[in-house]
Amino acid sequence: MKEISEVTSTDRKIEDWFTSKGWTPFEFQREVWQLYAKGYDGILNAPTGSGKTYAMWYAVIAEHLNADTKKKKRKNEGLKLLWITPLKALSKDIERALKESASDLGIQWKISTRTGDTSASVKAKQKKNEYQVLITTPESLHLMIAGKQHEKFFEELLCVVVDEWHELMGSKRGVQVELGLSRIKAVNKKVRVWGVSATIGNLKDSLTVLLGPGKGKRKIVKAEIEKKISITSLLPDEVERFPWAGHLGIKMLHKVVPIIKQSGSTLIFTNTRSQSEIWYQKILEHYPEFAGTIALHHGSIDRKIRDWVESNLHKGKLKAVVCTSSLDLGVDFYPVDTVIQIGSPKGVSRFLQRAGRSGHRPDAMSRIYFVPTHSLELIEGAALKQAIETNYLEERQPVIKPIDVLIQYAFTLAAGDGLDPQKTFEEVKKTFSYSDLREDEWNWIMRFVISGGDTLKNYDEYSKVELVDGRYRITDRRKSLFHKLSIGTIVSEMSMLVKYMSGGTLGSVEEDFIAAMRPGDVFTFAGKNLELADIREITAYVRKTKRKSSRVPSWLGGRMPLSSQLSELLRVKLGESVKDNVKEIELKTIRPIVKLQSERSHVPGKNELLIESFESEEGHHLFFYPFEGRLAHEGLAALCGYRIAKLKPLTFSFAMNDYGFELLCDSDIPLRQAITNGLFSSELLEHDIMQSINSSELAKRRFRQIARISGLIFQGYPGKYKTNKNLQASSELLFEVFSKYEPENLLLKQAYDEMLQYQLEYFRIRAALDRIAKQKVVIKDLERPSPFSFPILVDRMREKITTEKLEDRVRKMQLRYEQG
Amino acid sequence: MSRDSMRISENACTIVLNGEQALMLSQKAVFLMSDKVLLLSDLHIGKSSHFRREGVAVPSSMHASDLLKLGYLIKQLNPKRVFILGDLFHVGLNYDVDLFKGWRDAFKDTDIILIKGNHDRFEASKSCELGIEILDDYILNDKFHLRHIPGNFHYDGLLTISGHIHPAVRVFGKGRQTATLSCFHLSEHKLVLPAFGEFTGRHIISPYPGDRIFAVIEGGSSGKVVEIR
């Protein structure tokens, strides 16, 4: 332990407060207090429920109290502490904790929350600077900057705390935080910035991303608190009869239920919303005694219903809740002592995060059960255990230089006190994300903001900002309001509300799901059997029914790829699984399957790439197993198909999962020739990938979000369907128009970059090829499908490799459309 | 017949409408062959300028290419009359009106009749200035009822030809392939034309059994109209 050098009266006051609560400050809390007092910025790496909130809070309090003794008290104190959190739900909890301790210590600070839910009258008070502590979201921070005289607001600020920074860092919301901080630091040089983060693979980077490149007084403080975790894989009774493919895992229901019964309160995590609906339904169907004591929670269920579920979890009234990532984050539920993960969690951090949702009582252990949904997933169980033992966690990759977010920010400044291009350029260059923003890029952005892009016309009427007193401003009040309503980077899918005829909202489902149904049809949603009664605009009216249905809405997205870290350990465990002396129970259990794999084909070691070749009525199949996650496999499959088809004209269809991918062709595939010709070469990689996939279609999907963030599409007033019909344009149309008339548009380029990075995980494709270059390629001709190939073989989601133009493709398509 | 006009008819789909030979053109217009009448709808000129004036930075002057396309059709097909079935301009008489007037001068000899659409919010007296005739609806040769919005009624023995909807269909192929294509939507008493303008958007329709759908596969001079079922 470090010596505590000076104990001031303030420090004693705080120590006394801890003593009065029966607590002793942790070493890491003292360390934060000391560093903060010395003027450091930093990252506090601590798990939830460890006292991280108090670590930051008392650092600021101490500064305030010490200042008080030196300076005379002033009457009107401004904002002292800004607390940024990704979740509105967390803000209330923090507010409560801070208020309580402030009143115990006799500090007259006004503490408030400012999020999208805050009423206008409270916001007006906050604007008048009546509050000393504000708890807010990245979006609301930008709304503050969009207000007039925002600089005054930040003048007295002592500290900005960014809570759950690991959650924000890998997203565009993180970039919003970086931009907001750059503005605050430009106004107030003394302000200190601290991030609070859970453990991630690249903690050091997270410090640089938060504070910007450069050195100075900055440090990472680690809370050395070991949280005990117990991980158990649920094993199938007979692995020989356990399915080789599938993702629902209902077969394990009879194993899961006893765990629910013997636990206090259980969270059952599924990977998709539809899977959670099915599990909820099946539990009640087979174990009706749970009626009334289990609940369902996912992101498409109405907020009010979710709040109800959460509050009953708090009160310990629920035996179990079937949920999705919707409960990954948020306030702690003390009664929860057990967590069940159905199917692969796809990442180590997510698994750990979910495990941590249990066991919040002092000294309690987090208890998590892993339920494989098919036999190979058992190996993932072993890989997860090792990852957690060795603390091998995923890295969060920060978003670099998103043009759309910067355009939105430029308009935000213009809506507030005005945009000064030169000054803002210097400010944003200090952030990590935009540190290598080039002048020509900034000039393009300014042209886009000021004159609406490259225009050819001389009588152009573009107007959004005007030059007033040397700064660009949005002077039109309506346009300014439009912009403020669109601040944010979270883009919701077009969805329809599901409401009872008698009133009461259940949640929302995707438009396409409802579009395929007719009144009278029955579907399951929010754990209820519902009959569609009527559709009006964006609302689907339903009534309860006793009729049953297997129709469950599926929601787009949510199919996460297996993370690099987990993939890597999976390859290791797979190599170990063939050894005779395996220790892990998961590997022992899967023995018969591994044996069958080696009999029919081969089990690849760490330094081998397995390719299986197999013939069926469908044609010639090739299976490749790079174990690099489904997204990278999609790109790899297209790439390999394209490169093989260069040798001789062929058409492939392909399928993939997290372990490998398949190429299917109606004629013989010249595999060996292709390998010698550089099938796995990383030369011309980007070019070949762009040629092999339908890149414009994929980029178009990314453009949706970009168009919305950069203000090309106005989503409308909250809760209203359409507004200002003359200004409606779909992102698809805009994408086509830009491609044709303004191909050098940076937002278009961003769409293609994002597609490579997020849609195809280009960097993993490159990593996989680099690895394969060093590996031995093992080719096996199969007579029957192997356990590895089976899940891919039965996957119905197939893609086609084509470099044809749309018109040619459409001509070949079997033309059919849905009849109304 | 020039090579270009040959290609226009080759890429089109020939059909009999109420006893008249007609071509559904891949340029998203209909040509009545014996009367030499060209029918098209929904140009929405000035839409991009309107966006820009409202502060949405879409590329400017896209509409020039729509007018070029119309000019090309007039040159090649040499129609006696051109009917625009509404929504020539996006918001009243807007900023691109000069663009239109300039274009109109180049095709003075062709009669252009605008059937007023819901977007065409301007006085009929402007017709002189624009050099076009403006009507609410029109009965052509006692065979066709030309109007902007299709509506739910029809005159006996007449086929209603209209625009307004911007119809499109989503087609599906093997392997999760989909594409959205503008289309001509022909039902018993009605023909709805696709939007002629490029920056106009589309509405995916749900046809009834018995309706005929002619999808437009765009691709410049090599585009094609094909019937799908």
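## Considering the overall build of chain B
A count of helical and extended segments in chain B gives 5 helices and 16 strands. Radius of gyration (C-alpha) of chain B: 17 Å, near the 17 Å computed for a compact globule of 229 residues. The proportion of buried residues among the 229 residues of chain B is 58%. Accessible area of chain B: about 9200 Å², with a carbon and sulfur share of 48%.

## Side note on empty space enclosed by the protein
This model, assessed by the stated rule, comprises 8 cavities of 30 Å³ or more. Its volume calculated, the largest cavity comes out at about 180 Å³. Forming the boundary of the largest cavity are 13 residues, of which Lys464, Phe482, Gly711 and Phe714 of chain A together with Val56 of chain B lie nearest the centre.

## Some remarks on the environment of Asn66 of chain A
Along the chain, the position of Asn66 of chain A falls in helix H3 (residues 52-70). Of the residues examined, Asn66 of chain A reaches a relative accessible area of 22% and is grouped as partly exposed.

## Observations concerning the packing of helix H17 (residues 421-429) of chain A against helix H18 (residues 439-451) of chain A
All names here are of chain A. One way to put it is that H17 packs onto H18 with a least axis distance of 11 Å and a crossing angle of 130 degrees. Our classification of the angle between H17 and H18 gives oblique. Between H17 and H18 lies a crossing whose hand is right-handed. Contacts between H17 and H18 pair Pro421, Thr424 and Phe425 from the former with Glu439, Trp442 and Met446 from the latter. For the contact of H17 with H18, the per-class residue count stands at 4 nonpolar, 1 polar and 1 charged.

## Comments concerning the domain arrangement of chain A
All names here are of chain A. According to the domain assignment, chain A contains domain 1 (9-222), domain 2 (229-389) and domain 3 (502-544). Domain 2 and domain 3 are separated by 27 Å when their C-alpha centres are compared. Each partner contributes residues to the interface: domain 2 has 9 residues there, and domain 3 has 9 residues. Contact between domain 2 and domain 3 buries roughly 670 Å² in total, counting both sides, with carbon and sulfur atoms accounting for 52%. Area buried by domain 2 at its contact with domain 3 is led by Glu277, Ser300 and Asp302, which between them contribute 52% of it. The tally of links between domain 2 and domain 3 comes to 0 salt bridges. Inspection of the region where domain 2 meets domain 3 yields 5 residue pairs in polar contact (both at pLDDT 80 or more).

## Details of the sheet that holds strand S3 (residues 111-114) of chain A
Residue and element names in this part refer to chain A. Taken together, the 7 strands give an open sheet; going across it, the order is S3-S4-S2-S5-S6-S1-S7, and neighbouring strands pair in parallel fashion. Pairing within the sheet leaves two strands with one partner each, and these edge strands are S3 and strand S7 (218-222). The average angle at which neighbouring strand axes cross in this sheet is 15 degrees, direction not considered. Pairing of strand S2 (residues 81-84) with strand S4 (residues 133-136), which is carried by 4 bridges, proceeds in the parallel orientation. Opposite Ile84, over in S4, you have Thr136 as the bridge partner.

## Here we look at the sheet that holds strand S16 (residues 495-500) of chain A
Residues and elements named next belong to chain A. Taken in spatial order, the 5 strands line up as S17-S16-S20-S19-S18 in an open sheet, and their pairing is mixed. Pairing within the sheet leaves two strands with one partner each, and these edge strands are strand S17 (505-510) and strand S18 (522-525). Direction aside, neighbouring strands of the sheet carry axes that sit 45 degrees apart on average. Looking at chain direction, S16 and S17 are connected through 5 bridges and run antiparallel. When the bridges of S17 are listed, Lys499 appears paired with Thr505.

## Side note on helix H4 (residues 88-105) of chain A
Residues and elements named next belong to chain A. For H4, spanning 18 residues, the distance from its first C-alpha to its last is 26 Å, which sits close to the expected 26 Å at 1.5 Å a residue. When we look at burial in H4, the residues that qualify are Leu90, Ser91, Ile94, Glu95, Ala97, Leu98, Ser101, Ala102 and Leu105. Just beyond H4, the residue with positive phi is Gly106, at close to 70 degrees.

## Brief notes about the packing of helix H23 (residues 630-645) of chain A against helix H29 (residues 762-774) of chain A
Residue and element names in this part refer to chain A. It is at 8 Å that the axes of H23 and H29 come closest, and there the two elements cross at 65 degrees. Where H23 crosses over H29, the handedness of that crossing is right-handed. Contact with H23, carried on its side by Ala632, Gly635, Leu636 and Leu639, involves Arg764, Ile765, Ala768 and Leu769 of H29 and no other residues of that element. Looking at the contact of H23 with H29, its residues break down into 6 nonpolar, 1 polar and 1 charged.

## Observations regarding helix H2 (residues 27-37) of chain A
All names here are of chain A. Most of H2 is tucked away, with 8 of its 11 residues classed as buried. Regarding H2, the residues found buried are Phe28, Gln29, Arg30, Glu31, Val32, Trp33, Leu35 and Tyr36. Among the residues trailing H2, Gly39 stands out with phi positive, at a value near 90 degrees.

What counts and what doesn't
Residues numbered from 1 in each chain as written. Chains lettered and ligands numbered in written order. Predicted model: local features only at pLDDT ≥ 70, side-chain atom pairs only at ≥ 80, totals over all residues. Heavy atoms only, no water. Helix = DSSP H or I, 4+ residues; strand = E, 2+ residues; numbered from the N terminus. Rg over C-alpha atoms; globule rule 2.2 N^0.38 Å. Buried < 20%, exposed > 50% of the residue type's maximum accessible area, 1.4 Å probe, protein only. Areas by Shrake-Rupley, 256 points an atom, 1.4 Å probe, with all protein chains shown as cover. 1 Å grid on protein atoms, 1.4 Å probe; cavity = no way out; pocket = protein on both sides within 12 Å on 5 of 7 lines; lining within 4 Å. Points joined across faces, edges and corners; volume = space filled by probe spheres on them. Axes fitted to C-alpha atoms, helices over the stretch in contact; angles between N-to-C directions. Parallel < 35°, antiparallel > 145°, perpendicular 65-115°, else oblique. Left-handed = near helix turned anticlockwise from the far one by under 90°. Contact = heavy atoms within 4.5 Å. Nonpolar A, V, L, I, M, F, W, Y, C, P; charged D, E, K, R; others polar. Domains from an automatic or database assignment. Buried area = accessible area lost by both parts, 1.4 Å probe. Salt bridge = Lys/Arg side-chain N within 4 Å of Asp/Glu carboxyl O. Polar contact = N/O pair within 3.5 Å; in protein donor to acceptor, adjacent residues only side chain to side chain. Pairing = 2+ DSSP bridges. Expected span 1.5 Å × (residues − 1).

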